[in-house]
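# Tertiary structure, described
What follows is each chain in one-letter form.
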Amino acid sequence: FSIGDGQSSPHFMRYSGLTGAAINAMLINNYLGSSIRLENILSRKRVFQMSHETNWSNDEVVKRGTGYNYGVDGFLRPGAAYDNVIEYLYYKMLEMDVARYEENYEDDTLSAIFMLSWQRKFGSMFVPRGMETNDSHTRGLEAILLPKILKTVSNEMMDREELKEDENEAFMTLFQQYASDGPEAVLGEKTMFESDGTLFSGFQEEWDHDLKLLFEKSQASEETQDIVMEYMDRAYRVCEILNRSFVLARDEHIDGKRFAGSESENEPKSTDSFFSDFPVEAQSFASGLELSSIFGAISLSATQGSVTGGSVVVSVAIAITFAILNIPTSFGTMTNVSRYVNRQEEFRADFSRTKLLGMERTLFKVLSSSKRKEIDDASNPLLKRVRVAYEAVVSGAKYYDTSSDEVQASYSKTDFTDLKSLEAFMEEITSNFIAKLYQKEAYLKDTLVLLYAACIELAEVLENDERTGDEESYIEDEATYKAFRRMPKFTERLENSLQTGPIVHGFIRKNKKVGQWAIFAPIRTYYFMLGNFLLKGLNLRCGVLNPISTEIKIMRGVVAALNSSLGQTLKKEAYDLKELFHATMESSIGMSLFFVGMWVFIFSFFIIANGIASAVLDTTTTCMGTVPNKSSFQNFQCFVVEGGAIVSALAGLLALSFFLRQLKHQLKVVKAINYLPSPPPSVRKIGTLANFQAFITVWQCMATCTSLASIVIGFVLRFGFADFENSVTFALAMAAIGAFVISIGLQVIANLGLLYSVEPSAGKDVCRSFWGILFEKHSEFNIGRSENSIASPALEDRESWEYVAREFLTETRFDTVLGADRFNAVMQAIQSGDTSSWRGNKIFAKEE
């Protein structure tokens, strides 16, 4: 067959190419394996070509297959017995010698035959995430892999004719004993050499030393020594490959690059992760509600025939036209609000799944040792985490059809209230279960790592208890204890309030409870607001009548107070609860918007029906509150007019409240920038834009107030509370639509003029301008990080910067000025934590 990528790319499709690359590698390996011992029909050049093509195909399979998902995807995480792995690596070294790689790659022959992608692949098998810097696991790997390497070398040497001769029997006997029983059994001692802590570092010096003694003891000839070193050289290179795979895994762990997903996982979070009061996504709702209110005002005022000179046709045409325009406007509001509410509910559900237990554990850990002893084992969240992780290991072993008897036996005999017993169990996890017992079950190792992490957290508390004793107590103990005892009830209330049903048609959530239906949304929202408003102090009684928003607010207040008292130890937990509160309130408010949009949508059809009926009967809409003995059609007209007026007024009032919230946040941007002593040009432009956006918001408030005035005056006229010309309502409604059009024009100027002129470097410029605040927040969010954590330092630091970005932007509210795209640039610039580009090396010198 031809050498090349003909089979590797049979189509232009990605996965066809992937399959072809795998087939190509297999065919070459088969051909190479069948011919490698027949050197007379296989030239060295041909061997090298095939070896090179195989390595290229293997590398292509890894990179092209799943985009560098190292250590996560099943295709890329090999699971094999270590005997087979070592044998495979040894024969790769033999292939390297036969193909004479050293003649073609002078710089780094190992990287040529064992490319970076495959080093990652093997690293994912030997070193699960979380074990990269664990010395116990590394020494356990060495203990299991070292004899296997020597055994493979011994087996290969036994097939060498020269070493089968009688004069070499003494050495071969000693070497086999050395490989199986270790140096102590043959040499009487094990000489230790300096190691840098990585896998197999220093073993070449040890083997060279031991082989020299074996040669002397067996009186091996120089010819025998040369032959033996030929095999040992391959063993050295196997160790070097394993060492490189380990070092790569460790370095990428430190740099935060050893995770699931492609490069997209390395991107900072988008604006979708920003949960606050009236976030960027909700700011478009105000304009939709404003427009619905204006269209409703025009349609309703046009139903009064006198405003159009008594022409029924003109009156009906205007009413129907704007009612038709209101249908897509209100429906768009409904769908947008529904997606917004669904996102809030997804955040709340994720909070319940991922952060509640962590918050409970943190509250438990900040208690004094004496107070923790008052909590029984069943309520101990650290023991609960260990139990859950252990059950995951057992169920995982059953899933992968392997035994978990050793794990169960070790778990059952461990006393998790005794530090030494717990440490012995942790040692067995790293040195035996992960490194040795489950060689092939690569994914099961992940669950063992999680069990080890749970044990680490428990061990830290037990160690602290031994150090401090039972006498010490904290002044915050009572408040912390009450907050901890409150958690089960709080968790139950939160879980009962979640909306977790499926979403159909892209925006409709099914399986809601009755109280969560849109028809009850306004009542639910005002109930939430009333509970929040009446909240006094930090009352820890879990009142049955308290809405869930009030419960969250109480818990947030308690945790925030404890955080201040304990030196920012609970800062992340306090901010998580703040986001949960905002998500809960925004979800409720969003459903109220849906309720209003739904009725605007419905009454738009009623107005159209009323207009058609009025045209057919050639009569204007008559709905005077003082008219007695109305006909059934007049009652219908009154229902349409008054109902439409109410829902349009509600839309206007909600839009006005949103605009006022937006104006408040825009003024925060102005204030924050004005506070800066010398902001860069891009930040000054943002300040100018903020002032202009605030002016636009004021103009939108005026347009909304004008439409509300039209609706209110129409109501006053119909019930005879005042004497106005009927044309006033129509004039005000038309003035409102005119003001709305002007606001759109101003917004175009803001977007295409002021916003467009803001430099692309605005994100970094904002970081440069507020670097002091950002660094202070970053240091606060870093407090409480465990030194024994198995998580990547870079990923932990990235998480801290994500918290910094969200808190800072919640305080400054650049989202109300910049829009989603430019705001996203600012948010991602903060999350990147690229401090060197903010103020250079001076920052680090200043911190020191």
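Refer to the preceding data block for the structure.
Residues numbered from 1 in each chain as written. Predicted model: local features only at pLDDT ≥ 70, side-chain atom pairs only at ≥ 80, totals over all residues. Heavy atoms only, no water.

### Re the overall build of the chain
Filter applied, for reference: We count a stretch as a helix when DSSP gives it H or I for four or more residues in a row; a strand needs E for two or more, and each element gets its number in order from the N terminus. When accessible area is computed with a 1.4 Å probe and restricted to protein chains, residues below 20% of their type maximum are described as buried, those above 50% as exposed, and intermediate ones as partly exposed. Here, two residues are considered to be in contact whenever any of their heavy atoms come within 4.5 Å of each other. Here the Shrake-Rupley method, with its probe set to 1.4 Å, supplies the accessible areas, and only the displayed protein chains count as covering residues.
When you go through the chain residue by residue, the secondary structure sums to 32 helices and two strands. The buried share among the 848 residues of the chain stands at 53%. Summarising the internal contacts of the chain: among those between residues at least 6 apart in sequence, 76% fall at separations of at least 24. Surface accessibility of the chain: about 38300 Å² in total, with carbon and sulfur atoms responsible for 56%.

### A closer look at a negative patch on the surface
Rule in force here: Within the patch definition used here, like charges are joined within 9 Å and nonpolar side chains (Val, Leu, Ile, Met, Phe, Trp, Tyr) within 5 Å, considering only residues with over 30% relative accessible area and no salt bridge. We define a salt bridge as a contact between a side-chain nitrogen of Lys or Arg and a carboxyl oxygen of Asp or Glu at a distance within 4 Å. When charges are counted, Lys and Arg contribute as positive and Asp and Glu as negative, whereas His and the chain ends are disregarded. Charged side chains are reduced to one point each, which is NZ for Lys, CZ for Arg, CG for Asp and CD for Glu.
A contiguous patch of negative charge on the surface is contributed by E165, D166, E167, E169, E222, E223 and D226. By residue number, the principal contributor to the negative patch is helix α11 (residues 222-255), which donates three residues. Mapped onto the secondary structure, E222 falls in helix α11.

### Here's the deal with the packing of helix α25 (residues 681-718) against helix α26 (residues 727-757)
Our working rule: In this analysis an axis means a line fitted to C-alpha atoms, helices contributing only their contacting stretch, and an angle means the value between N-to-C directions, from 0 to 180 degrees. These descriptions rest on fixed angle ranges, namely under 35 degrees for roughly parallel, over 145 for roughly antiparallel, 65 to 115 for roughly perpendicular, and the rest for oblique. When the near helix sits turned anticlockwise from the far one by under a right angle, the crossing is termed left-handed; a clockwise turn instead gives a right-handed crossing. When residues are sorted by character, Ala, Val, Leu, Ile, Met, Phe, Trp, Tyr, Cys and Pro go into the nonpolar class, Asp, Glu, Lys and Arg into the charged class, and all the rest, Gly among them, into the polar class.
The interhelical angle for the contact between α25 and α26, taken along N-to-C directions, is 170°, at an axis separation of 9 Å. Comparing the axis directions of α25 and α26 gives the class roughly antiparallel. Where α25 crosses over α26, the two elements pack in a sense that is left-handed. For the contact of α25 with α26, the class distribution of residues is 22 nonpolar, eleven polar and one charged.

### Some thoughts on helix α19 (residues 442-468)
Convention followed: In this scheme, a helix's expected span is set at 1.5 Å multiplied by one less than its residue total.
Helix length check: α19, at 27 residues, gives a terminal C-alpha distance of 40 Å against a target of 39 Å (1.5 Å per residue), a fit within 8%. Among the 27 residues of α19, 20 are classified as buried, and the element is accordingly described as predominantly covered. Trailing α19 by a residue or two, G469 shows a phi angle of about 80°, which is positive.

### Regarding the nonpolar core
Threshold: Take the buried residues of types Ala, Val, Leu, Ile, Met, Phe, Trp, Tyr and Cys, join any two whose side-chain atoms come within 4.5 Å, and each joined set is a nonpolar core.
Counting residues in each nonpolar core, the largest one holds 120 residues, and the members touching the most others are F126, W207, M232 and L242. With 13 residues, α19 is the single largest residue contributor to this core. Judged by nonpolar contacts, the second largest core, of 56 residues, contains I589, A645, V647 and L654.

### Details of the environment of M172
Mapped onto the elements of the fold, M172 is located in helix α8 (residues 169-181). Under the relative-accessibility criterion, M172 is labelled buried at 6%. Through-space distance from the C-alpha of M172 to that of S218 is 8.8 Å; in sequence the pair is 46 residues apart. In this structure M172 touches S154, M157, M158 and L163, once residues within four positions along its chain are discounted.

### Remarks on a nonpolar patch on the surface
Among the surface-exposed residues, V514, W517, I519, F520 and I523 lie close enough to one another that they form a single nonpolar patch of about 490 Å² accessible area. By the secondary structure assignment, W517 is in the loop between β2 (508-509) and α21 (521-534). The partly exposed category is assigned to W517, whose relative accessible area is 45%.

### A look at the pattern of salt bridges
Two side chains that carry opposite charge are able to pair once their charged atoms sit near each other. Taken as a whole, this structure holds 40 salt bridges when the rule is applied. Put simply, D576 and K355 hold a salt bridge, and the shortest N to O gap is 3.2 Å. You can see D576 sitting in helix α23 (residues 571-617) and its partner K355 sitting in the loop between α13 (312-354) and α14 (356-365), a full 221 residues away along the chain. Taking relative accessible area as the criterion, K355 reaches 23% and is therefore assigned partly exposed. Linking E796 and R785 is a salt bridge whose minimum nitrogen-to-oxygen distance equals 3.5 Å. With E796 in helix α29 (residues 793-812) and R785 in the loop between α28 (771-782) and α29, this residue pair connects regions lying eleven residues apart in the sequence. E796 gets classed as buried once you look at its relative accessible area, which sits at 16%. Here the salt bridges share partners, and the residues they tie into one network are D97, R160, E162, E230, D233, R234 and R237.

### Side note on the state of the cysteines
Under the convention used in this document: Any cysteine sulfur atom paired with another within 2.5 Å is treated as part of a disulfide.
Applying the stated criterion across every chain, the model contains zero disulfides. Residue C705 stays outside any disulfide, its sulfur separated by 6.4 Å from that of C701, the closest cysteine. Overall, C705 belongs to the partly exposed group, its relative accessible area being 36%.

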